[in-house]
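Coordinate inspection notes
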Amino acid sequence: MAVLYAVIAVVAVVLLLTVCELIRLIRLKPLPDSPDKADADKFSLNVGGKSFEDLYLFLTGKQSAVTFSEDEIFALLSKQAACMNSRFDCADFRAQMFFKIYKDCTLSDRCAQLIKDTFIGFKYFIDEPGDDSMCYWSENHQILFAVSEYLAGQEWPDEIFTNNGMSGKEHMKLAETRIEAWMEQRFKFGFSEYLSNNYLAEDIAPMANFIAYANDVKSVERMKIIMDILWLDVALNSVNNRFVAVSSRMYGNNKAANCIGNSIQSAMDILWGNTSSPKKPNYIVLCFNDVVEKGLYTLPQAIKDIAVSKDTFVSKMSSGLSPDDMVNENLIGQSDACIMAQTGAETFTNHQVIENTLKYLRKNNLFKNKFLSYFKFLNLTVFRLVNWQKFARNHSIMPHGIALGRGNVYTFRNAYYSMSTDVCKDVGVCGAQDHVWTANIADNLTLFTTHPAGDGNGKYGSSPGYWVGNGRRPMSVQHENVNITVYKIPDRKCLGESGIAAMTHAYMPKAFYDDFELDGNTVFARKNNVFVSLVSNGELSYKPFDSASANGVLKGRTFPDGISFESEFDLCRYGDGYHIYITELSDSDKETYDEFKQRIKSNAVYFGDDGKVEYSTASGNISVSYGIGYSVNGILAKTEFMRYDSKFCKAARKDETITVVSDKNRLVLNYRQAERCCDSAE
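Predicted model, so just to flag it, every value in this text is computed and none were measured. (Residues numbered from 1 in each chain as written. Predicted model: local features only at pLDDT ≥ 70, side-chain atom pairs only at ≥ 80, totals over all residues. Heavy atoms only, no water.)

Comments concerning unusual backbone geometry
Following Ser463, the chain continues to Pro464 via a peptide bond in cis, the omega torsion being 0°. Non-glycine residue Asn240 carries a positive phi angle of around 50°. Its place among the elements puts Asn240 in the loop between helix H9 (217–236) and helix H10 (252–256). Positive phi, normally seen in glycine, also occurs at Glu346, with a value near 55°. Within the secondary structure, Glu346 sits in the loop between helix H16 (336–344) and helix H17 (354–364). (Helix = DSSP H or I, 4+ residues; strand = E, 2+ residues; numbered from the N terminus.)

Encoded structure:
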């Protein structure tokens, strides 16, 4: 009996200590990632209606319409300093223009000192002292912080930076290592936030600042190589100066239309030579546009040729790192390069990395960070005995879907439209911000489908939510101008999943099409020269207009062409089981709209109860088996691609040289040798 009592006493003590620890963790509130609404103006990007962009243009003499007094200049710069000093999330975005103003503009002594003091007191990486809720780890934040640290260290090499007591030279050396790791991983494996018309803007600004101000000639040349690769990706996956492709990270407005969601539009305009776009650069894209205007970065002609080409072609590419890729490449560990590969791909809970994640969070005491605070409960003393790797392998949990993974992107493009698909990516897994397939039809119009996260009611602006990401990722495949997407509505929730929507839906704003007809499970539509058919295995119906849902798409933007969004736009399919969508595009160069409709109606279609679908059309016979694979004309299709595979470029992942050839021009990139050679292909 004494032994039993002793065991009971030990268990009771453990339970009591665990409860006390749990209470302490619950009371450990995460730090704010943004200012209170009441204080928002103290950190805003304008003063008296004049913007951060206006300030730079005024100080450099590029704009005279908006003028600033000395007090207004100091007031606006003080707001940017306050944001950085308060260490709110995205302060590193503002740091790019803040430093650029210091370098390019004539400032009063108090303004120059304000900027210098801010950079010398800033926190540049996770392992520095201080608790906050800045996001340091995603791919764009990595290069934003590293470039700011490098340039600040280069500018003030002998100053002691007050946050960690290091000199500018020491900061510069630390940042140099991270910049090199970031560039090398992008060259070998591509971007983890691939084809994101939102987050690429946050890449090109620090890359441009590095090109403009870094003194290391070889590193600058390497950064230009990575810049070339970024724009090669955009050129291959955009059409007619419109960039809405599949991506690992996109929001509602990014997905819905180029005119309201493409954050790099003004950069594309200046690179492609478009002078008709009214879109002006924001303060972060302005950093890139400026280095182009000054001739510090010149887009290789071969890439521009691809961007403006009217040819019909198929492009395949792979980009990013899956958790298995990280294992195979020895990129799971505590070094900066390993942590950057892992967290840059937003890979935290997957079984390959979860123990490494927890070790890093503990080492750097990151449980007060708002984005990571949920991990604090896994840090309970009693849980130290849990094999989290085994748990994560054996259980499907919602955070697994945060991992960006490797995208295998299939794009078909012609003179009028593009269609792209992230082929068979993580089928059946929860999705965070993934954009699985899209048709880029016009400047104000795309077509895509999603399975809403949650129960299908609300969460319109959430990530994941009704429009962003997926409750469960579908199996999506493509052959030329045809996409087939199969969703499986799950029977039960994953751990951490708030609900399951027994529905899927297509973004199809009826008023935006020139012709539109819905008949049961089939849609025919026309926009300018582009023809669209969408066929489902169940009846389709529009939801009544919902302003909250519309705001989830628009995120406060408005369409510039005056078309009203207050009409039916959310085309839904309800019920359990498999939801299948077959989408085919065509154009007026191939056939008339009536001929297109008649041809689609005559195509053979088979929908199976097991998620199988067969479709015969002009481009071939396509057969899809959910979770297994797909074939075209009886030949099994590949679902993993080379780094680049198109008529313009063929390169394997980790190739030392990437060669791009257009009709008239050639580009050869060798990262290791820092060689960037442009010449004629003739």
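Some words on the sheet that holds strand E5 (residues 418–422)
Within the open sheet, the 10 strands sit side by side as E14-E15-E10-E7-E6-E5-E4-E3-E22-E23. Their pairing is antiparallel. The sheet is open, and its two edges are formed by strand E14 (541–542) and strand E23 (650–651), each paired on a single side. The pairing of strand E6 (residues 437–442) with strand E7 (residues 445–450) spans three bridges and is classified as antiparallel. For Ala442, the partnering residue across the bridge sits in E7 and is Leu445. (Pairing = 2+ DSSP bridges.)

Thoughts on the environment of Lys376
Structurally, Lys376 is set in the loop between H17 and helix H18 (388–394). Sequence separation of Lys376 and Leu28 is 348 residues, and the distance between their C-alpha atoms is 9.2 Å. With near-sequence residues (within four places) excluded, Lys376 lies in contact with Leu25, Leu28 and Phe367. (Contact = heavy atoms within 4.5 Å.)

A closer look at the environment of Ile303
Its place among the elements puts Ile303 in helix H14 (residues 301–308). Look at Ile303 and you get buried, because its relative accessible area is 1%. Through-space distance from the C-alpha of Ile303 to that of Val234 is 9.3 Å; in sequence the pair is 69 residues apart. Discounting chain neighbours no more than four positions away, the residues touching Ile303 are Asp228, Trp231, Leu232, Ala235 and Leu667. (Buried < 20%, exposed > 50% of the residue type's maximum accessible area, 1.4 Å probe, protein only.)

Side note on helix H20 (residues 593–602)
What H20 keeps buried is the set Tyr593, Phe596, Lys597, Arg599 and Ile600. Taken end-on, H20 shows its buried residues confined to a sector of 165°, consistent with a single buried face. More than 90 degrees from the buried face of H20, the exposed residues found are Asp594, Gln598, Lys601 and Ser602. Summarising the contacts, the buried residues of H20 are in contact with strand E11 (515–519), strand E12 (522–527), strand E13 (530–536), strand E16 (578–587) and strand E18 (612–617). (Arc of directions from axis to C-beta.)

Remarks on a nonpolar patch on the surface
Taken together, the side chains of Leu22, Ile26 and Phe377 present a nonpolar region at the surface, about 230 Å² in accessible area. By the secondary structure assignment, Leu22 is in helix H1 (residues 2–27). For Leu22, a relative accessible area of 32% translates into the label partly exposed. (Patch = residues over 30% accessible without salt bridge, like charges linked within 9 Å, V, L, I, M, F, W, Y side chains within 5 Å. Areas by Shrake-Rupley, 256 points an atom, 1.4 Å probe, with all protein chains shown as cover. Salt bridge = Lys/Arg side-chain N within 4 Å of Asp/Glu carboxyl O.)

Here's the deal with the pairing of E16
When you tally the buried positions in E16, you get 10 out of 10 residues, the bulk of the element. Judged by which residues are buried, E16 turns out to be covered on both faces: Tyr578, Ile580, Ile582, Glu584 and Ser586 on one side and His579, Tyr581, Thr583, Leu585 and Asp587 on the other are all buried. Relative to E16, strand E9 (residues 482–488) runs antiparallel, the two sharing seven bridges. Across the sheet, the residue bridging to Val486 is Ile580, located in E16. Direction of pairing for E13 relative to E16: antiparallel, over a ladder of seven bridges. The residue of E16 that forms the bridge with Ser533 is Glu584.

Let's talk about the pairing of E18
Of the two faces of E18, only one is covered, namely that formed by Val613, Tyr615 and Thr617; the face formed by Lys612, Glu614 and Ser616 stays uncovered. Relative to E18, strand E17 (residues 605–607) runs antiparallel, the two sharing three bridges. Bridge pairing in E18 places Tyr606 opposite Glu614. Pairing geometry for E18 and strand E19 (residues 620–625), over six bridges, is antiparallel. Looking at the pairing, Tyr615 lines up with Ile622 of E19. Counted between consecutive antiparallel strands, the loop separating E18 from E19 contains two residues.

Quick word on the nonpolar core
Formed by 126 residues in total, the largest nonpolar core has its most connected members in Ile101, Phe119, Trp231, Ile264, Phe288 and Tyr297. Broken down by element, this core gets its largest block of residues, 12 residues, from H9. Sequence-distant contacts of Tyr297, that is, excluding residues within four places in its chain, are made with Ile211, Lys224, Met227, Asp228, Trp231, Leu271, Phe288, Val291, Val292 and Arg676. Grouped together as the second largest cluster of nonpolar side chains are 42 residues, Tyr417, Met503, Val530 and Ala550 included. (Core = buried A, V, L, I, M, F, W, Y, C linked by side-chain atoms within 4.5 Å.)

Read these as layout, nothing more, since geometry by itself doesn't imply function.
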